[in-house]
Every structure is written in structure tokens, then in C-alpha cells.
Amino acid sequence: MPSTAVLSSPATPAPEARLALAELLLGSDEARVCARATVDWLVRNARVGQTLCLAPDDTDANHFSALASHDVQGAERYTLSLHDAAHPLAAVLHQPEPRWLPAGQVPPELPLGRTGLLAVPLGQPDPETPAAGLLLVAAPTPEPIPDVRWVARHLGTHLARLHKGRQLKRLEAASTELAARVNAATEELATQNELLRRQAFQLEQACAAKSQFLANMSHELRTPLNAMLGYTNMLLQGVSGELSAPQRRSLVRIDSNGHHLLQIINEILDITRIEAGRMPLHLSDFRIPELIQEVLSELDPIIVRSKLAVSTALAAELPVIHGDRQKVKQIVVNLLANALKFTHEGSIQVLARYDAADESVDISVEDTGIGIAPRHQEMIFEDFQQVDSSPTRPYGGTGLGLSICRRLATMIDGQVTLKSALGQGSTFTLHLPRRARPT
Amino acid sequence: MTQTLQQDNTPLVLIVDDYQDAREMYAEYLEFSGFRVIEARNGAEALEKAREQHPAIILMDLSLPVMDGWEATRRLKEDVSTRGIPVVALSGHAMDGHSREAQDAGCDAYVTKPCLPDALVKEVQRVLTAVRRTPAE
């Protein structure tokens, strides 16, 4: 063919050889193979001597290593660091033109002979895009070597494309891995959520079952207790005839222990009902003095036995309260019963006063009893906690009384507070609004 | 030790409870306090005895076998012949809801067990006095 004949004519060997190199480069995806072919091509066609083709590491653009070389000792181990911007080769990376360095200016670390050096940027660099690498050719004079610029530009373009391809692949791999990780994390999260949801449901059910169990238990416990207390009460009333003094004393003990047991069961039931949200509010209007009188007469047997001076100090103008009377009474009974239990001598005073400014009432029970150390003052409001909960504790009870008081107070928008010092008595105060909010 | 003469004009109390010890205990104390007492172990028996003997007052436990106390009370209040008999509900179950249900069923008063015999008798006397003051329509 005529065109082929022209290309292959010995007078112009370069175009044919160029085509061959271009095809070779296109056929390879390996940067090293491309560089090798280019260097070989130069040696054969441009008759260059020492040649070194450098390209940056994938991880560090300022760290060049040898891709291919010709007649350079130790080229494969050589690396060139360009972190220093003043390095003579650093400038070449951003120039479109090759640069010739005379023998004296060649960086001494380069493993080239001591001739001049032609440094050719690979590709088409500009200030923003640095060269894809450097082609260093030993050249004693600045005269241009034919084909070197063309080869360097062609190889550079190819290397840049390969580099972009590798980056894209890495990016794709990273993106795939990231997506997989996100999927895995999302799945894990969904699993955990489901697990938590199930656990919450199970907890709720267990809690409801516990409440039901305690309610049933308390019913089962109170049924026989009712008969025990009832028969004891009847015997004490002489329904079955007169009693001897020892019989009466024994029966009184059965009676008081039975009542204590009943109180414990009732307190456990109260906690259960509060926890299960099954203790509704019953709001009504009531007066404090009547309520306190009722509390005193309810506890009268204990007051008489205690030999303590129990008195009241009620403010003259106490308003009518709108709230849950039964719950207020239960709290005050509990506070007074505690005072009677923990006071061995002295007095107990029940006080009530009204604060017109914030429309609230304080009902306090003040005693001269054993008092409570500061470190125990919060603990005693917790379930089943007493200052001394040990088996050898001097005071009985469930340790639920104050816990119930605090919960009841919260239900009626009030609160129970304590002022006390060890050995100097205690003052428990129920603070409640004149009008409870209807729920 | 039942010293009071059981005349026909002393009020007749029907005590309904499936728990024998409690039922007999209250019966014994009611008799000791001067009442005549008949007993029933469940709601069905209670209906039968109420219709036959027409007591002055019925003490009705709520959790009962065969027919429970709510149902028995509802039927008593539907029946013209027994409607006028006051029913005092007796419940050992303190979980909320029972007292309102008892009221809905037509109970005239509500007592929570444990209840001492003398407290129950006081309640019986209170209800009977109230009924006497406001005779049935």
C-alpha cells in the first residue's frame, strides 16, 4: 500500500516507530511496562545514553521512584523526594518545557553520571496539574534530542490516564466498602432496635405480671389473716367467755403481731398499686384540723402506750384544701407513726400552717427522737431502706413507709421533706398545694 | 354463748362467702350481736336463700364460685321481690376497680377485708338504720 510504503521509508523512520510505541502504550495497563517500552524506544530510536523515568508513588505525589531506566546503577532502589520546593527538579514538574541542567547543577543524589542533565516533564503540566512524572536523560549539551519531548508527552498522558483509572478503581472499591459497612451498621442497628423493642415489651409484661402476682399474693395472704384477726378480736371481746390474764396477754400479742403483718402486706400492696398506676386520685374539699384529729384518734392506742406528750399547733386561718384527702391522711398517719416509733422520750408536735403567697399548706410532724444523720436522710425515702436494715436492727417495719409517703406526695403535687440531726429529733413536712391539679 | 333470744323480729342477715372460716366467724359474731344469720357459699345459693327467706340485709363477698357477687347482686336488684334488700359488698381484693364495679352492680355499701367482726356489725347496723329512715320506694 502506498501510505505504508511512505511510513516505512528509511528516510523517515520516526513516524512508523512513533505509531508502534503509541500502539504498545495503548495496549498496556501497567505503568512500569509503558515506561520500560518508552525508555527502550528512546535508546533504540533517539540514541540516548543514561535514562531514568521517575513517577510519583500512589500514596505520595512528592515521592518519586524509578519506573524504568537505562544504564543507571541502582536505579530500582532510587527514590527522589521533592518536598523541598526549591529542588531544581521540583520546578520542572509544573513547566511544559524540558529543562537542561549543566553538570554542576545536577542534584548530587541522582545516580547519573556527571554530565549535564535534560529533565523532561511527563504529560502536559501546568501550574495546577503537575507532570505525571519525570524523564531524566543524560545530555552534555542543551541541544534538544529529537523525539524526547514527544515521547515524554505521550507517556505522560498515558500514565496520567492509568493513574486516574487506578484512582477511580480505588475510589469505587472504597465506596463499595463504605456502602457495605453502612449496610452492615444499619442492619446491626435494626437488629439491636428490634432486640430492645422486644426486651422493653418483655420488661413491661414482666412488670405487669409482677404487679398482678403481688396483688394476688396480698389477697391470698389477707384472706387467712382476716380470719386470724377476726377470731382473735372475738376472743378478746369475750364472745367465747371470760379470759384469764395470761390468755388475754397472749391474745393481745397475737392481735398486735397480726396487725403488724397486715400493715406490711398493705404497704407492699400500696407500692404495687402506685407502680402499676392503679391508685387513682379522689379529689374533694376537706379541712386540715379534722383530718389531723382523725389521725390522732387512729393512732391513739399507740400514743397512750408511748407516754410521749403529743400535741398539735395549727395555724388559726387554715383554708379548705382541695385534694386527695385519703392520701394526705395516709401520709400524716405514716409520719406520726414513725415519730412515735423513733421517739423514746420527750414530745411530738403536729403543726399545720398556710402560706398565702404560694397557696400551699405545710403539715409537719416534729419529734425529739433519735434523729437521722445527714448521709441517711435521702436513703430512708427509698424502697425497703431503713437507717439500719441489718437482721439485728432495733426497729422493725418494711422500710416502705416513707417511700410510699414520697410517692403519694408526688401524686398529689406535693412533697415530703426532712430536717434532722442525729440525736436531736426530726421534722418531716408534707408540703402540698391548696388546690391539687385534676389529672 | 348466744344469749340473745332469737325472735322473729330480730333482723335476719344473709352472709355469702365461699371461705368457710370467714363466713362462720362473721355468722358467729352477728349471732353474738343479736342477729339471726343464714349462710350461702356462692352467688347462686345466695339468690335462692334471698328469695326464700327474704333477709333484712345481705353481706356479699364478691369473688365467689358458680356465680360471683357482682352477678348475684345484679340479679337481686333486678328482681322485684329482692330489690329492697340492702347489699353490702365484702371484698378482699384491694386492687382498684372492685368498689366501682360493686357500686355499678347495685351494692348499697362496700367493705374491704380484712374487716374485724365488730366493724362489720357496725356497718350492718348503720345500713339497716339508714334503710329504716328512708323506706324503700
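Details of the structure are given in the entry above.
Reading guide: rules and limits
- Residues numbered from 1 in each chain as written.
- Chains lettered and ligands numbered in written order.
- Predicted model: local features only at pLDDT ≥ 70, side-chain atom pairs only at ≥ 80, totals over all residues.
- Contact = placed C-beta atoms within 7 Å.
- Helix = DSSP H or I, 4+ residues; strand = E, 2+ residues; numbered from the N terminus.
- Nonpolar A, V, L, I, M, F, W, Y, C, P; charged D, E, K, R; others polar.
- Pairing = 2+ DSSP bridges.
- Axes fitted to C-alpha atoms, helices over the stretch in contact; angles between N-to-C directions.
- Buried ≥ 20, exposed ≤ 12 C-beta atoms within 10 Å, placed from the backbone.
- Expected span 1.5 Å × (residues − 1).

A. Structural view of the interface of chain B and chain A. Contact with chain B, which involves 18 residues of that partner, is made by 23 residues of chain A. Going through the elements one at a time, α1 (20-32) and α5 (117-133) of chain B are the ones with two or more residues in the side of chain B that touches chain A. Per-element accounting of the side of chain B that touches chain A gives the leading share, six residues, to α1 of chain B. Here the residues of the side of chain B that touches chain A sort into eleven nonpolar, two polar and five charged.

B. Representation of the sheet that holds strand β4 (residues 99-101) of chain A in the model. All names here are of chain A. Spatially, the six strands line up as an open sheet ordered β3-β2-β1-β6-β5-β4, and their pairing is antiparallel. A single partner strand is all that each edge strand has here, and the edge strands are β3 (79-81) and β4. This sheet shows a mean twist of 25° between the axes of neighbouring strands, independent of strand direction. Relative to β3, strand β2 (residues 63-70) is paired through three bridges, and the arrangement is antiparallel. What sits directly across from S65, in β3, is T79.

C. The arrangement of unusual backbone geometry in detail. Following K113 of chain B, the chain continues to P114 of chain B via a peptide bond in cis, the omega torsion being 5°. Topologically, P114 of chain B is positioned in the loop between β5 (109-112) and α5. With a phi close to 75°, D147 of chain A is a non-glycine residue in the positive phi region. Structurally, D147 of chain A is set in the loop between β6 (134-138) and α5 (148-236). The partly exposed category is assigned to D147 of chain A, around which 19 C-beta atoms lie within 10 Å. The backbone of D413 of chain A sits at a positive phi, close to 65°, despite the residue not being glycine. Looking at the element boundaries, D413 of chain A is found in the loop between α10 (401-411) and β12 (415-420). On the neighbour-count criterion, D413 of chain A (17 C-beta atoms within 10 Å) is partly exposed.

D. Main features of α5 of chain A. Here α5 of chain A spans 126 Å end to end across 89 residues, near enough to the 132 Å set by a 1.5 Å rise per residue. At the C-terminal side of α5 of chain A, G238 of chain A shows a positive phi close to 80°.

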